[in-house]
Amino acid sequence: MIVTTEKLTKRYGDRAVVDEVSLSVRRGEVYGFLGPNGAGKTTTIRMLLGLVKPTSGTARVLGEAPGTPKALLKVGSLIEGPGFYPYLSGRDNLRVHAHRRGVGKTHVEAALEQVDLVGAANEKFRRYSLGMKQRLGVAAALLGQPELLILDEPTNGLDPAGMADMRDLVRALAAQGQTVLLSSHLLGEVEEICDRVGVISNGKLVAESTVEQLRGDTVLLIKADPIEKAHVLIEGSSLHGDVLHVRETDAGALVRTLVHADVDVQEVRPLRRTLEEVFFEMTGVA
Amino acid sequence: MGSVKAELLRLWKWPATWVLIGVWLVMSLTFGYLFNYLALNGGTNTRDLSQQQLISAMQPENVGAAVVRGLPMFGGAIILVLAALAIGSGYGWGTWKTTLTAGPRRISAMAGTLGALAIIVVILVTLTLVVNFGAAVTVASLEGWDWSLPGTVLFEQLAASLLVAAMWTGFGVFLGVVTKGPALAVGLGLMWAIVTENLLRGVGSLLGPVESLTKVLPGGSAGNLAGAVGGSGAPGVLNDLSGTTAALFLVGYVVFFLGAATLLKVRRDLV
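Residues numbered from 1 in each chain as written. Chains lettered and ligands numbered in written order. Predicted model: local features only at pLDDT ≥ 70, side-chain atom pairs only at ≥ 80, totals over all residues. Heavy atoms only, no water.

(A) Region of interest: the overall build of chain A. Each helix and strand in chain A was counted, giving 11 helices and 14 strands. Considering only intrachain contacts with a sequence separation of at least 6, the fraction spanning at least 24 residues in chain A is 68%. Only carbon and sulfur atoms are counted for the fraction: they give 48% of the accessible area of chain A, which is about 12,800 Å². (Helix = DSSP H or I, 4+ residues; strand = E, 2+ residues; numbered from the N terminus. Contact = heavy atoms within 4.5 Å. Areas by Shrake-Rupley, 256 points an atom, 1.4 Å probe, with all protein chains shown as cover.)

Below you can see the structure in the form of structure tokens.
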């Protein structure tokens, strides 16, 4: 495990912003940390980076206590937007960061290349577009070839093209075997990129599994005539108006059964819950 | 060492650093030499200073006094602003979170910032000395005075200048960390350095205990140290305490400001 937390809790006064969160991120996976705004994602991530001290519970990052140099030097992060000096160029900002991480100029150039910012590296950070700023943030996170990349809402504020660019970048990193913890409230983004997902709501981790497991079994929708006869013929089916729902993957066998019984099959298609539906169900957000 | 390099790089390339240093150098030359020179050559009001005093203030051998006399109030205020901006701006820009997640321990990151600020302040004091010396030599040459190089007292005056500058730097750092932003830190700092202590000195003439207190406040201690090493003749310079006592108070303030700021930085959540 790259990251583990055990009953990690952060309270401000009586309010538990993060409430006994126990999650785990495995090596080589893209872990989606999903939750509505204000659910506790950023606070959890800040605890993993040592910026915020937990009220109770424990966390280990790459086997080390969060916030220690041993842990931080193996982690690259981008939290709630990039934090850079506006008057410095992109390259100089990375040089400053490289000094702190103890890596040389070659790493700076490699990181700029990786996020496709070489052409704009000498421009002042304050003149960057939002997308360029986010990419520079990822470049800073990549300095020193970290074992774990923590990206908190990396597509926040980006236009659709910028979001697509960022998703491509994360996908490319994942393809290289990079472990990524990606926090987001954008379900499509998580569904597209992530191997496993942790869903946090009101400070509590309400689910942790693969996206597939989270969606649950695929249900087949069957439209047939007469529908009542089909309902009797197919064991375990449930009638929803003029259609049947059945948890069954062998659609061919089902159709054969119905046709042999002189039932007119009009439509058969898989009915999958989207991550969005699952998310709304779990978080109570509508 | 990496943290010092990082901070030095970003402070070196920060326009605010050079604007503030530039403003201070212009102020130092204007009030230390230009106005005195104009007063000497046809001025109608010489602020109760005799010609001999004006000449003495501009002599190259007294350049150390010229450097130290500006720092207790106006120079100190500029240094305080520089330090408060250097620390406080990081909260608004979000660079503290980048710094504190880069790898070094918080105490090392803070030491890096303080180390880089110390280097910038040493540069500021050195530039003040060089520019003032250049001005003094120019005036002496224009006036045809015989002049000589400063004596060993220069080292004492430079040490005092650095201690005063260190105190104001510490004050700015402290305010930047406490207020977690540049605006309030600069506002409070300037108000303290330029207004509050002067007001208290005014009240001190009515209330004895307040008068005693003003002598050992940050600006008062700085003024007394400047006065003790021969830097009299400028606003904020006092002659109420011995140099040693004033220096001890200043060391105490440096330790308190930097210690408290570092402790807060290390212990406080960054949200």
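After presenting the structure, the write-up continues.
(B) Molecular detail of the packing of helix 5 (residues 71–93) of chain B against helix 9 (residues 182–204) of chain B. Residue and element names in this part refer to chain B. Put simply, helix 5 and helix 9 touch, their axes get as near as 7 Å, and they point 155 degrees apart. With respect to helix 9, the axis of helix 5 lies roughly antiparallel. Considering only the axes of helix 5 and helix 9, their crossing is right-handed. Taking contact as the criterion, the partners of Met73, Phe74, Ala77, Leu80, Val81, Ala84, Leu85, Gly88 and Ser89 in helix 5 are, on helix 9, Pro182, Ala185, Val186, Gly189, Leu190, Ala193, Ile194, Asn198 and Arg201. Residue classes in the contact of helix 5 with helix 9 are distributed as 13 nonpolar, four polar and one charged. (Axes fitted to C-alpha atoms, helices over the stretch in contact; angles between N-to-C directions. Parallel < 35°, antiparallel > 145°, perpendicular 65-115°, else oblique. Left-handed = near helix turned anticlockwise from the far one by under 90°. Nonpolar A, V, L, I, M, F, W, Y, C, P; charged D, E, K, R; others polar.)

(C) The arrangement of the sheet that holds strand 11 (residues 219–225) of chain A in detail. Residues and elements named next belong to chain A. The strand order 12-13-11-14 describes an open sheet built from four strands, whose pairing is antiparallel. The open sheet has two free edges, formed respectively by strand 12 (238–240) and strand 14 (264–271), since each of these has just one partner strand. Direction aside, neighbouring strands of the sheet carry axes that sit 30 degrees apart on average. Judged from the three bridges that link them, strand 12 and strand 13 (residues 243–246) form a sheet pairing that is antiparallel. Note on strand 13: the bridge partner recorded for Leu239 is Leu244. (Pairing = 2+ DSSP bridges.)

(D) Focus on a nonpolar patch on the surface. Residues and elements named next belong to chain B. On the surface, Leu184, Leu188, Met191, Val195 and Leu199 cluster together to form a nonpolar patch covering roughly 460 Å² of accessible area. Within the element layout of this structure, Val195 appears in helix 9. Judged by relative accessible area, Val195 falls into the partly exposed class, the value being 37%. (Patch = residues over 30% accessible without salt bridge, like charges linked within 9 Å, V, L, I, M, F, W, Y side chains within 5 Å. Salt bridge = Lys/Arg side-chain N within 4 Å of Asp/Glu carboxyl O. Buried < 20%, exposed > 50% of the residue type's maximum accessible area, 1.4 Å probe, protein only.)

(E) Geometry of the layout of surface pockets. Roughly 490 Å³ of volume is contained in the largest pocket. Around the largest pocket, the lining comprises 23 residues; the ones closest to its centre are Phe31, Gly32, Arg69, Gly233 and Ala234 of chain B. With seven residues, the single largest contributor to the lining of the largest pocket is helix 2 (residues 15–40) of chain B. Residue classes in the lining of the largest pocket are distributed as 11 nonpolar, 10 polar and two charged. Here the second largest pocket is characterised by a volume of approximately 290 Å³. Lining the second largest pocket are 17 residues, and of these Gly50, Lys53, Pro66 and Gly67 of chain A together with Arg106 of chain B sit closest to its centre. (1 Å grid on protein atoms, 1.4 Å probe; cavity = no way out; pocket = protein on both sides within 12 Å on 5 of 7 lines; lining within 4 Å. Points joined across faces, edges and corners; volume = space filled by probe spheres on them.)

(F) Expanded view of unusual backbone geometry. Residue and element names in this part refer to chain A. Cis peptide bonds are those with omega within 30 degrees of zero, and the linkage from Asp225 to Pro226 qualifies with 0 degrees. Mapped onto the elements of the fold, Pro226 is located in the loop between strand 11 and helix 9 (227–233). In this model, Gln145 sits at a positive phi of 45 degrees, which is unusual for a non-glycine residue. As for its placement among the helices and strands, Gln145 is situated in the loop between helix 5 (130–142) and strand 7 (148–152). Overall, the relative accessible area of 66% leaves Gln145 in the exposed class.

(G) Quick look at the interface of chain B and chain A. With 29 residues of chain B at the contact, the number on the chain A side is 29 residues. Interface of chain B and chain A: buried area, both sides summed, is about 2,600 Å²; carbon and sulfur atoms make up 58% of it. Its salt-bridge partner being Lys10 of chain A, residue Asp269 of chain B comes within 2.8 Å of it at the nearest N-O pair. Put simply, chain B and chain A have 17 residue pairs in polar contact (both at pLDDT 80 or more) between them. (Buried area = accessible area lost by both parts, 1.4 Å probe. Polar contact = N/O pair within 3.5 Å; in protein donor to acceptor, adjacent residues only side chain to side chain.)

(H) Quick look at the UniProt feature "transmembrane region" (unreviewed entry) in chain B. All names here are of chain B. Sites flagged by UniProt as "transmembrane region" (unreviewed entry) map to residues 12–35, 73–93, 114–138, 183–200 and 246–264. Secondary structure across residues 73–93 divides into 100% helix and 0% strand, with the first and last C-alpha atoms of the span separated by 29 Å. Annotation note: span residues 246–264, helix share 100%, strand share 0%, distance between end C-alpha atoms 27 Å. (UniProt positions renumbered as here; feature names shortened; annotations may be inferred.)

(I) Layout of the pattern of salt bridges. All names here are of chain A. Tallied over the entire structure, the rule returns 16 salt bridges over all chains. The shortest N-O distance in the salt bridge between Lys204 and Asp19 comes to 3.0 Å. With Lys204 in strand 10 (residues 204–210) and Asp19 in strand 2 (residues 15–21), this residue pair connects regions lying 185 residues apart in the sequence. For Lys204, a relative accessible area of 43% gives the class partly exposed. Note that Arg27 is salt-bridged to Glu147, the shortest N-O span being 3.3 Å. Within this pair, whereas Arg27 is found in the loop between strand 3 (24–25) and strand 4 (30–34), its partner Glu147 is found in the loop between helix 5 and strand 7, the two being separated by 120 residues in sequence. A relative accessible area of 58% places Arg27 in the exposed class. On the basis of relative accessible area, Glu147 is assigned to the partly exposed category, the value being 31%. Several salt bridges converge on common partners, so that one network encompasses Arg167, Asp168, Arg171 and Glu192.

(J) Representation of the nonpolar core. Formed by 110 residues in total, the largest nonpolar core has its most connected members in Leu49, Leu148 and Leu181 of chain A together with Met167, Trp168, Val173 and Leu225 of chain B. In this structure Leu181 of chain A touches Val25, Tyr31, Phe33, Ile45, Leu48, Leu148, Leu149, Ile150 and Leu151 of chain A, once residues within four positions along its chain are discounted. (Core = buried A, V, L, I, M, F, W, Y, C linked by side-chain atoms within 4.5 Å.)

(K) Examining the environment of Gly198 of chain A more closely. All names here are of chain A. Of note, Gly198 is situated in strand 9 (residues 196–201). The exposure class of Gly198 is buried, given its relative accessible area of 0%. Residues Gly198 and Ser24, 174 residues apart in the sequence, show an inter-C-alpha distance of 8.9 Å. When sequence neighbours within four positions are dropped, the list of residues in contact with Gly198 reads Tyr31, Gly32, Phe33, Leu34, Leu205, Ala207 and Glu208.

(L) Region of the structure containing helix 11 (residues 218–228) of chain B. Residues and elements named next belong to chain B. Counting buried positions along helix 11 yields 10 of 11 residues, so the element is predominantly enclosed. Three or more residues of helix 11 are buried, namely Pro218, Gly219, Gly220, Ser221, Ala222, Gly223, Asn224, Leu225, Ala226 and Gly227. Looking at the buried positions of helix 11, the neighbouring elements they touch are helix 4 (63–69), helix 5, helix 8 (153–179), helix 9, helix 10 (208–216) and helix 12 (243–267). Following helix 11 by one or two positions, Gly230 has its phi on the positive side, about 95 degrees.

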